[in-house]
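Chain by chain, the residues:
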Amino acid sequence: KDSDDTEKCSVGSVGSGSDEIKQPQRVFVVGHEWGSDAMNIRGKLNHLSSSTTDATNNDDECPSPIPPYFDTALLSECLWMHNEHEKLAKSINDLLRPGGVALLTYAHHVPGKEKEDDGFFTLCEERYGFETKYLGCQEMEYMWDSSKTVTVFLKMITKPLSTLQTIHSKHINANE
């Protein structure tokens, strides 16, 4: 990989004397501990979006000083860790743009802990103003025992468009 974050792609001999072409890097793997500062991830997203702009843009432009947010997050099987709910909710809030959505799929793995699993959605609603929408569920074969099934749920949480929207809707709901 070159220092300008381009990857060399071998394409064989193309008759020009060069067997390599450069393409912008379109994928980054960035570690993140839930609840920690998300700017390293958003900074990579900013770099990615600035490196894939079309040729009509001025190549000398600097990336935005405010890194962009994600439109969509996909999460699977992370609600069973109840002591991490606050950190996970904070990271989702810090990474999604206003109006962005997170799709969560999960199953209740520990009998008697269903309320704690679903408490994540209450936390997101109360702390960050997210709206939760139930999208469905499906019976699936249990991973470790094919003679059993487990219900897998799919929910979507949507980040409010603004803090003002969150305060306004909480005020309206409190007066109903």
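Residues numbered from 1 in each chain as written. Predicted model: local features only at pLDDT ≥ 70, side-chain atom pairs only at ≥ 80, totals over all residues. Heavy atoms only, no water.

## Some words on the overall build of the protein chain
Within the protein chain one finds 4 helices and 6 strands. In the protein chain, the succession of helices and strands from N to C terminus is β-β-α-β-α-β-α-β-β-α. Of the roughly 11,800 Å² of accessible surface on the protein chain, a fraction of 54% belongs to carbon and sulfur atoms. (Helix = DSSP H or I, 4+ residues; strand = E, 2+ residues; numbered from the N terminus. Areas by Shrake-Rupley, 256 points an atom, 1.4 Å probe, with all protein chains shown as cover.)

## Focus on the packing of aromatic side chains
Centre distance and the angle of the planes are the two values used to describe a pair of aromatic rings. For the structure on display, the rule yields 5 aromatic pairs. Ring geometry for Tyr-106 versus Phe-121: centroids 5.6 Å apart, planes at 40°, classification tilted. Taken as a pair, Tyr-106 in strand β4 (residues 96–107) and Phe-121 in helix α3 (residues 114–128) lie far apart in primary sequence, 15 residues in all. Comparing Tyr-106 with Phe-121, the two get one shared label, buried. Here Tyr-142 and Trp-144 contribute two aromatic rings whose centre-to-centre distance is 5.6 Å and whose plane-to-plane angle is 65°, an arrangement assigned as edge-to-face. Members of the aromatic cluster, joined through ring pairs, are Tyr-106, Phe-120, Phe-121 and Phe-153. (Phe/Tyr/Trp six-rings, centres within 6.5 Å; stacked < 30°, edge-to-face > 60°. Buried < 20%, exposed > 50% of the residue type's maximum accessible area, 1.4 Å probe, protein only.)

## Points about the pairing of β4
Looking at chain direction, strand β3 (residues 70–76) and β4 are connected through 6 bridges and run parallel. Following the sheet pairing, Ser-76 is matched in β4 by Thr-105. With helix α2 (residues 85–95) bridging β3 and the parallel β4, this β-α-β connection has right-handed handedness. Relative to strand β6 (residues 145–158), β4 runs antiparallel, the two sharing 7 bridges. Residue pairing in the sheet places Tyr-106 in a bridge with Phe-153 of β6. (Pairing = 2+ DSSP bridges. Right-handed = clockwise from strand over helix to strand, strands pointing away.)

## Some thoughts on the sheet that holds strand β5 (residues 131–142)
An order of β3-β4-β6-β5 is seen for the 4 strands of this open sheet, with the pairing classed as mixed. With partners counted over all chains shown, the strands left at the sheet margins are β3 and β5, one partner each. Within the sheet, the average angular offset between the axes of one strand and its neighbour, ignoring direction, is 15°. As defined by bridge partners, β5 adjoins β6 across 11 bridges and the pair is classed as antiparallel. Among the inter-strand pairings, Lys-133 is bridged to a residue of β6, identified as Met-156. Along the sheet face, α2 touches β3, β4 and β6 and points at about 145° away from the line of β4. (Axes fitted to C-alpha atoms, helices over the stretch in contact; angles between N-to-C directions. Contact = heavy atoms within 4.5 Å.)

## So, the environment of Val-110
Looking at the element boundaries, Val-110 is found in the loop between β4 and α3. With 30 residues separating them along the chain, Val-110 and Trp-80 place their C-alpha atoms 7.8 Å apart.

## A look at the pattern of salt bridges
Evaluation of the coordinates by the stated rule reveals 5 salt bridges. Arg-97 is paired through a salt bridge with Asp-71; the nearest N and O atoms lie 2.6 Å apart. Here Asp-71 lies in strand β3 and Arg-97 lies in strand β4, a separation of 26 residues in the sequence. On the accessibility criterion, Arg-97 (32% relative accessible area) is partly exposed. (Salt bridge = Lys/Arg side-chain N within 4 Å of Asp/Glu carboxyl O.)

## Here's the deal with the confidence of the model for the protein chain
Chain-level pLDDT for the protein chain is 76 on average; 64% of the residues reach the 70-or-more range. Across the protein chain, the element-wise mean pLDDT spans from 36 in strand β1 (residues 6–10) up to 96 in α3. (pLDDT = per-residue confidence, 0-100.)

## Focus on unusual backbone geometry
At Glu-77, a residue that is not glycine, the phi angle is positive and equals roughly 55°. Structurally, the position occupied by Glu-77 is in the loop between β3 and α2. Of the residues examined, Glu-77 reaches a relative accessible area of 29% and is grouped as partly exposed.

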